[in-house]
Amino acid sequence: AETSRIRNFSIIAHIDHGKSTLADQLLLKTGTISERDFRNQLLDGMDLERERGITIQMHPVTIYYTRQDQVYELNLIDTPGHVDFGYEVSRSLAACEGAILLVDAFQGVQAQTVATAFLAMENNLTIVPVLNKIDLPTARPEPIIEEMETAVGTKAEDVLKCSAKSGLGIMEVLDAIVDRVPAPSGKQDNPLKALIYNSHFDPYKGVVVYCRLFEGTIKTGQKIKLMRGNTTYVVMEVGQFRPKMQPCDTLIAGQVGYFMAQIKLITDVHVGDTVTDSENPTETALPGYKEPQPMVYSGLYPINNNDFETLREALSRLKLNDSSFTFEPESSDGLGFGFRCGFLGLLHREIIGQRLERDCEIDLIHTSPNVTYEILTRNGQTILIKTPQDVPDAGQIEEFREPIVKINFLVPTSNIGDIMTLCAERRGFYCRTEYLSTTRAILTYEIPLADVIYDLYDKLKSVTRGYGTMDYEMLGYRPADLVRLDVLVHNQRVDALSVIVHRTTAERRGRKLISKLREKIDRHLFEIALQAAIGTRVIARETIKAMRKDVTAKCYGGDISRKRKLLSRQAEGKKRMKMVGQVDIPQEAFLAVLESD
Ligand code: GTP
């Protein structure tokens, strides 16, 4: 390969705007795949993603494009299409010199696309704006080109129009990649410097590392070093994705490909890390490395406690291919033995949950998600709180901090009032409104992550009837008046029922919790006191009266959620109870409290 004829690019697009279809067309039109092999959405990665109809991350691919007897090497490195994977997005962009900004000619610019496009521009990428689906009778190219101009500053004359479905305008897209995206600038003679932007685990070959070379070369037999952990390996194979893995002799500065070096664990490979030659190392690592930080935690408990070990094995298998997912054993009074799992966000949590249920066929209880908090203790320590059970007593807390995100909503202007109400209810801090056109606007808020994760997305979709989109980025931890709200049943604290709440909402939450609980616990021979308390201060109280002779057991009715159905199927008539003190609490009661609503 000749460096001046390499182009590295990614496609930035909102879900369903046609990213996979365009990628497939690029392969087809360049003969990378034959018409015969061509099947829809070739590059869409895993089955699960296809089932959900969204692409988390496509496979990278090297395309050879011949124009006027010149062969160009085009490397398509995709960016994951969801906010949960923001850091992976930033590393994938760091591996490119350009990005196609693909926008649906009917739907227009969406919040996530704007955010990723800005990220690309901050990384000095050349943006190639492309309007897709111009074959649609409903396409409205002019207003949308204007929106793109307002939202991300693209020039109207630079916008290409294509139909990834019919193949119209695809050659123009290829030409624009060659003509507009700069060639990489590194030198082959310099010491090796490569960015790890992704990896996957192959059961036969070990970890396959996806890399972009900035300087130097990498070849089989070479001794390399991963700079973050200072670990050394010998390269066993290097190659390119075409689109299947195809070995080659050497990768040079500017190229994109993979290598394998008998790395056993995916946790030994870190996205964003720098690879160099161990004998002739580069002086400085590439900038921008970050540890993946789980943002959302929740408990996973097997419904049948005997499945604990099976669950552990299943989680370990998942971890082989996803190093951003974490888990550690925990036990709870109410739910028995399970695991506290950390996720990048709610979509990540949902995907892991679905994979688990499919792969290991264990029925699981997912406790409601919570974010991580920081606590500065009186003796000057900062501790990270992953579960309400970790919160120390109030007397030991100097400062309680919660994660805050900056959130952008892209909504019809007629919904601005609704969004403002939603945010006000969630302790949102208003930043600004920016009008893209007379009908659409971007609203920016700073808002506690805890208030975002529960239901904000669903609420946004419902108030905007599907037309609103949002994206958020982490700003950091800020002090807030938070408390741990405990639940006492017959004077005994039940750990699995504790929640972290803002002091101003504690009373309302406490009352709701207790009244839900009252419905779920049967009468006993004695009176049972239910209390919600902050420290020693009781803020809500109810009692379950003692059983009278003429009272038969309470019926369970009303709305039955999927989980509870699952539970009752599992229990097959006999209800699982947990004794707390002298009180039998049905597992249902825990779920009722843990489920957010
Ligand atoms: P995710 O995988 O969810 O990220 O979506 P994507 O951006 O990869 O979109 P995909 O390529 O799966 O296309 C979404 C839908 O739009 C599919 O039903 C495509 O057939 C359709 N589509 C893609 N491009 C065009 C186009 O140019 N015209 C028309 N009419 N439909 C298109």
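Here the structure is a predicted model, which is why all the values come from computation and not from measurement.

1. Let's talk about a negative patch on the surface
Taken together, the side chains of Glu 142, Glu 146, Glu 149 and Glu 157 make up a negatively charged region of the molecular surface. In this fold, Glu 146 is placed in helix 5 (residues 141-152).

2. What about unusual backbone geometry?
Pro 243 follows Arg 242 through a cis peptide bond whose omega is -25°. With respect to the helices, strands and loops of the structure, Pro 243 is situated in the loop between strand 12 (237-241) and strand 13 (245-248). A positive phi angle, close to 70°, is found at Asn 491, a residue other than glycine. Here Asn 491 is to be found in the loop between strand 28 (482-489) and strand 29 (492-493).

3. Quick notes on the pairing of strand 12
Judged by how many residues are buried, strand 12 sits mostly within the fold: 5 of 5 residues are covered. Relative to strand 15 (residues 256-260), strand 12 runs antiparallel, the two being bridged by 3 bridges. Bridging from a neighbouring strand, Glu 237 pairs with Met 260 of strand 15. As paired strands, strand 12 and strand 13 are joined by 4 bridges and run antiparallel to one another.

4. What to know about the sheet that holds strand 7 (residues 193-202)
Sheets are built from strands paired through backbone hydrogen bonds, the pairs being either parallel or antiparallel. Within the open sheet, the 8 strands sit side by side as 11-10-16-7-8-15-12-13. Their pairing is antiparallel. If you trace the sheet from one side to the other, it starts and ends with strand 11 (231-234) and strand 13, each paired once. The mean angle between the axes of side-by-side strands here comes to 40°, regardless of whether they run parallel or antiparallel. Alignment of strand 7 against strand 8 (residues 206-215), held across 9 bridges, turns out to be antiparallel. What sits directly across from Ala 194, in strand 8, is Leu 213.

5. Overview of the confidence of the model for the protein chain
The predicted model of the protein chain averages 85 in pLDDT, with 89% of residues at 70 or higher. Contacts for the low-pLDDT stretch residues 41-55, under 50 throughout, to residues beyond four places or in other chains number 46 contacts. In this model, residues 562-574 is a region of pLDDT below 50 whose contacts with residues beyond four sequence positions or in other chains number 21 contacts.

6. As for the nonpolar core
Of all hydrophobic cores here, the largest spans 38 residues; its most connected members are Leu 101, Leu 131, Met 148 and Tyr 197. Counting only elements with at least two residues in this core, the list comes to helix 3 (86-94), strand 4 (98-104), helix 4 (111-122), strand 5 (126-132), helix 5, strand 7, strand 8 and strand 15. A per-element tally of this core places helix 5 first, with 5 residues. Setting aside its immediate chain neighbours within four residues, Leu 131 contacts Val 103, Ala 105, Pro 141, Ile 144, Ile 145, Met 148, Val 159, Leu 160, Lys 161 and Cys 162.

7. So, the pairing of strand 19 (residues 336-343)
Taking burial as the measure, the 8 residues of strand 19 include 7 buried ones, the bulk of the element. As judged from the 5 bridges shared by strand 17 (residues 296-302) and strand 19, these two strands associate in the antiparallel manner. Residue pairing for strand 19: Tyr 297 is matched across the bridge by Gly 342. By the bridge criterion, 7 bridges tie strand 18 (residues 326-332) to strand 19 in an arrangement that is antiparallel.

8. Overview of helix 3
Most of helix 3 sits inside the fold, with 8 of its 9 residues counted as buried. Check the buried side of helix 3 and you find it contacts strand 1 (6-13), helix 4, strand 7 and strand 8.

9. Observations regarding the side chain of Glu 402
Looking at the element boundaries, Glu 402 is found in strand 24 (residues 397-412). Residue classification places Glu 402 among the buried positions, given a relative accessible area of 3%. Polar side-chain contacts of Glu 402 include one of 2.8 Å to the side chain of Arg 427. Among residues more than four places away in sequence, those in contact with Glu 402 are Tyr 373, Arg 427, Pro 448, Gly 476, Tyr 477, Arg 478, Ala 480 and Leu 482.

10. Here we look at the packing of aromatic side chains
Tallying each qualifying case throughout the model produces 11 aromatic pairs. Arranged with centres 5.5 Å apart and planes meeting at 75°, the rings of Tyr 430 and Tyr 445 form a pair that is edge-to-face. Note that Tyr 430 is positioned in strand 25 (residues 429-435) and Tyr 445 in strand 26 (residues 440-448), a separation of 15 residues in sequence. By relative accessible area, which is 38% here, Tyr 430 ends up partly exposed. These aromatic residues form a ring-pair network of at least three members: Phe 308, Phe 325, Phe 327, Phe 337, Phe 339 and Phe 343. Here Arg 212 stacks its cationic end above the ring of Phe 214, 4.2 Å away from the centre of that ring.

11. Regarding helix 12 (residues 503-520)
The terminal C-alpha atoms of helix 12, which comprises 18 residues, lie 26 Å apart, in line with the 26 Å expected from a rise of 1.5 Å per residue. Of all the residues in helix 12, the buried ones are Ala 506, Gly 510, Leu 513, Ile 514, Lys 516, Leu 517 and Lys 520.

Conventions adopted
Residues numbered from 1 in each chain as written. Predicted model: local features only at pLDDT ≥ 70, side-chain atom pairs only at ≥ 80, totals over all residues. Heavy atoms only, no water. Patch = residues over 30% accessible without salt bridge, like charges linked within 9 Å, V, L, I, M, F, W, Y side chains within 5 Å. Areas by Shrake-Rupley, 256 points an atom, 1.4 Å probe, with all protein chains shown as cover. Salt bridge = Lys/Arg side-chain N within 4 Å of Asp/Glu carboxyl O. Lys, Arg positive; Asp, Glu negative; His and termini not counted. Charge placed at Lys NZ, Arg CZ, Asp CG, Glu CD. Helix = DSSP H or I, 4+ residues; strand = E, 2+ residues; numbered from the N terminus. Buried < 20%, exposed > 50% of the residue type's maximum accessible area, 1.4 Å probe, protein only. Pairing = 2+ DSSP bridges. Axes fitted to C-alpha atoms, helices over the stretch in contact; angles between N-to-C directions. pLDDT = per-residue confidence, 0-100. Contact = heavy atoms within 4.5 Å. Core = buried A, V, L, I, M, F, W, Y, C linked by side-chain atoms within 4.5 Å. Polar contact = N/O pair within 3.5 Å; in protein donor to acceptor, adjacent residues only side chain to side chain. Phe/Tyr/Trp six-rings, centres within 6.5 Å; stacked < 30°, edge-to-face > 60°. Lys NZ or Arg CZ within 6 Å of the ring centre and 35° of its normal. Expected span 1.5 Å × (residues − 1).

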